[in-house]
Amino acid sequence: MLYGAIEAGGTKFVCAVLDEKANILEKTIIDTLNPDYTMGKTVEFFRNYDIVSLGIGTFGPVNIDPESPEYGTILNTPKLNWRNFNLIKYIKSDINVPIIIDTDVNAAALSEYKMGAGKGKKSVLYITIGTGVGAGFVSEGKTLKGLTHPEMGHILIRKMEGDDFEGVCPSHGNCFEGLVSGPAIEKRCGKKAQFLPENHEVWGYIADYIGQALMTYTLVLSPEIILIGGGVSQQEHIFPMIREAFKKHMNGYVQHRVLDGDLSQYIRYPENGQMAGLYGAYQLALQAHEDSNK
Ligand code: ADP
Ligand code: ZN
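Residues numbered from 1 in each chain as written. Chains lettered and ligands numbered in written order. Predicted model: local features only at pLDDT ≥ 70, side-chain atom pairs only at ≥ 80, totals over all residues. Heavy atoms only, no water.

**Q** I'd love a proper account of the packing of helix H3 (residues 104-115) against helix H9 (residues 276-292), names of residues and values included.
**A** At a minimum axis separation of 7 Å, H3 and H9 run at an interaxial angle of 80°. When the interaxial angle is binned, H3 and H9 end up roughly perpendicular. Residue-level contacts link Ala107, Ala108, Leu110, Ser111, Glu112, Lys114 and Met115 of H3 to Ala276, Gly277, Tyr279, Gly280, Ala281, Tyr282, Gln283 and Leu284 of H9. Here the contact of H3 with H9 is composed, by residue class, of nine nonpolar, four polar and two charged. (Axes fitted to C-alpha atoms, helices over the stretch in contact; angles between N-to-C directions. Helix = DSSP H or I, 4+ residues; strand = E, 2+ residues; numbered from the N terminus. Parallel < 35°, antiparallel > 145°, perpendicular 65-115°, else oblique. Contact = heavy atoms within 4.5 Å. Nonpolar A, V, L, I, M, F, W, Y, C, P; charged D, E, K, R; others polar.)

Written out as structure tokens, the structure is:
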């Protein structure tokens, strides 16, 4: 049986066809330009395969409420030509298979839960630190949804003494994303994050703020494991700093043997690495197929 998976990102769409053992049989990458171009190419790709269902992990904000007539509609994104565009309706008018759509980070959390570092755990938090910052959460196999979907990248952070950086979030300035995203680091240092030395002072700020955010997520959601993906997380050297900052801010408040240790298994890089999003979309496709047989 063949399943379709789309990791719909702000810069590129990764589309793949996978079998029931999660082998990727075919994959293509399409630039995120206007919806007609990108979705046209996407549908063209999947038309060649007899997929039974499709999963989409997408950039947002997006309507992920299956009960809503607007299920699958991209909402107030800064990408103006994608606003009010409905991904599901576009695909279904051509390829009529069951489709589940969720946020990119919820999908990534689901892939780690099902087939990554969160296997065997009851809950997984997945956070991405890249062009934007966001987090997805899975509990008992279900991704977290609410009135809309969580926007965990935009929580408030207490700035460190001496830090006068104003942040880059267009809506909140120095919210979490505004302080630690790739573009925030670039603005602060005048250089892309990947070109900064490990001993640059910015990493101290970044690690502290990520530690603060993880504290809030732990207090609110109590995840069994936290995975940090996205471009900035490729800086391996910040993981020990993040764990240290997290410990310092938590100050022993939540008692659990996992939190008493060195945290190397609690806060870590995703097992599926850069594939977490695509595998997450695949998991959504499996779910869509299963639901259609109920
Ligand atoms: P996106 O969020 O657009 O899907 P990424 O997760 O790769 O893509 O995030 C891109 C951001 O991550 C850019 O701001 C870039 O400067 C930063 N980045 C990419 N690679 C690295 C790296 N190795 N170290 C630190 N920052 C990186
Ligand atoms: Zn913000």
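From this point, the discussion proceeds with the structure in view.
**Q** Talk me through the site of ligand 1; I want residue IDs and the actual numbers.
**A** Taken together, Gly130, Thr131, Gly182, Pro183, Ala193, Gln194, Gly230, Gly231, Val232, Gln234 and Gln235 make up the full set of residues adjacent to ligand 1. Measuring from an oxygen atom of ligand 1, one finds a side-chain N or O atom of threonine 131 at 2.6 Å. In the complex, the protein chains occlude 70% of the 570 Å² of accessible area that ligand 1 would expose alone. Here the residues of the shell around ligand 1 sort into three nonpolar, eight polar and no charged. (Near = heavy atom within 4 Å. Polar contact = N/O pair within 3.5 Å; in protein donor to acceptor, adjacent residues only side chain to side chain. Areas by Shrake-Rupley, 256 points an atom, 1.4 Å probe, with all protein chains shown as cover.)

**Q** Can you break down the sheet that holds strand E9 (residues 226-229) residue by residue, with the values?
**A** Across the sheet, five strands lie side by side as E8-E7-E6-E9-E10; this open sheet has mixed pairing. Only two strands of the sheet have a single partner each, and these edge strands are strand E8 (142-143) and strand E10 (267-268). The pairing of strand E6 (residues 123-129) with strand E7 (residues 133-139) spans seven bridges and is classified as antiparallel. For leucine 125, the partnering residue across the bridge sits in E7 and is phenylalanine 137. Sitting on the sheet, helix H6 (residues 202-221) touches E6, E7, E9 and E10, and the angle it makes with E6 is about 155°. (Pairing = 2+ DSSP bridges.)

**Q** With reference to specific residues and values, describe the packing of helix H5 (residues 182-189) against H6.
**A** The geometry of a pair of packed helices is captured by two quantities: the angle between their axes and the separation between those axes. Packing of H5 against H6 leaves a shortest axis separation of 11 Å and a crossing angle of 150°. Relative to H6, the element H5 lies roughly antiparallel. Of the two elements, H5 crosses H6, and the hand of that crossing is right-handed. Across the interface between the two elements, Ile185, Arg188 and Cys189 from H5 touch Val202, Trp203, Tyr205, Ile206 and Tyr209 from H6. Class assignment for the residues of the contact of H5 with H6 results in seven nonpolar, no polar and one charged. (Left-handed = near helix turned anticlockwise from the far one by under 90°.)

**Q** Account for the nonpolar core, with residues named and values stated.
**A** For soluble globular proteins, nonpolar side chains are generally found buried alongside one another. Core analysis: the largest hydrophobic core is formed by 43 residues, its most contacted members being Ile6, Phe13, Phe46 and Ile91. Ranked by the residues each element gives to this core, the list is headed by H3, at six residues. Sequence-distant contacts of isoleucine 6, that is, excluding residues within four places in its chain, are made with Phe13, Val14, Cys15, Thr42, Phe46, Leu54, Gly55, Ile56, Gly57, Ile91 and Ala281. (Core = buried A, V, L, I, M, F, W, Y, C linked by side-chain atoms within 4.5 Å. Buried < 20%, exposed > 50% of the residue type's maximum accessible area, 1.4 Å probe, protein only.)

**Q** Outline the coordination of the zinc ion (ligand 2), supporting the account with residue identities and numerical values.
**A** Six octahedral donors around a metal ideally sit at 90 or 180 degrees from one another, while four tetrahedral donors ideally sit at 109.5 degrees. The zinc ion (ligand 2) binds to the protein through His154 (ND1), Cys169 (SG), His172 (ND1) and Cys175 (SG), with metal-donor distances spanning 2.1 to 2.3 Å. The site at the zinc ion (ligand 2) holds four donor atoms, and with the angles between them running 101 to 121°, its shape is tetrahedral. Mapped onto the polypeptide sequence, the residues donating to the zinc ion (ligand 2) form the spacing pattern H-x14-C-x2-H-x2-C. Judged by its relative accessible area of 0%, cysteine 175 is buried. (Donors = N, O, S within 2.8 Å, 3.2 Å for Na, K, Ca; no water. Tetrahedral: all angles 85-135°; square planar, octahedral: opposite > 155°, others 65-115°.)

**Q** If you had to explain the domain arrangement of the chain to someone new, which residues and values would you point to?
**A** The extent of an interface is frequently quoted as the accessible surface area lost upon association of the parts. When cut into domains, the chain gives domain 1 (2-103) and domain 2 (117-270). For domain 1 versus domain 2, the distance between C-alpha centres works out to 27 Å. Between domain 1 and domain 2, the contact holds six residues from the first and five residues from the second. Between domain 1 and domain 2, roughly 470 Å² of surface is buried when both sides are summed, and carbon and sulfur atoms account for 56% of that area. Summed over the three residues of domain 1 that lose the most area to domain 2, namely Ile64, Asp102 and Thr103, the buried surface amounts to 65% of that side. The interface formed by domain 1 and domain 2 holds zero salt bridges in total. Here domain 1 is connected to domain 2 by three residue pairs in polar contact (both at pLDDT 80 or more). Taken together, the residues of the side of domain 1 that touches domain 2 break down into four nonpolar, one polar and one charged. (Domains from an automatic or database assignment. Buried area = accessible area lost by both parts, 1.4 Å probe. Salt bridge = Lys/Arg side-chain N within 4 Å of Asp/Glu carboxyl O.)

**Q** With reference to specific residues and values, describe the pairing of strand E4 (residues 51-58).
**A** Across the eight residues that make up E4, a large majority, seven, are buried. Taking the sense of rotation as the criterion, the β-α-β connection linking E4, helix H2 (residues 87-92) and strand E5 (residues 99-103) turns out right-handed. (Right-handed = clockwise from strand over helix to strand, strands pointing away.)

**Q** Residue-level account of unusual backbone geometry, with values.
**A** Most peptide bonds adopt trans geometry, and most residues besides glycine take a negative phi value. Put simply, glycine 60 and proline 61 share a cis peptide bond, and its omega is -5°. When you line up the elements, proline 61 lands in the loop between E4 and H2. Not every positive phi belongs to a glycine, and alanine 22 is a case in point at roughly 70°. Look at asparagine 251: it is not a glycine, yet its phi comes out positive at around 55°. One can find asparagine 251 in the loop between helix H7 (238-250) and helix H8 (257-260).

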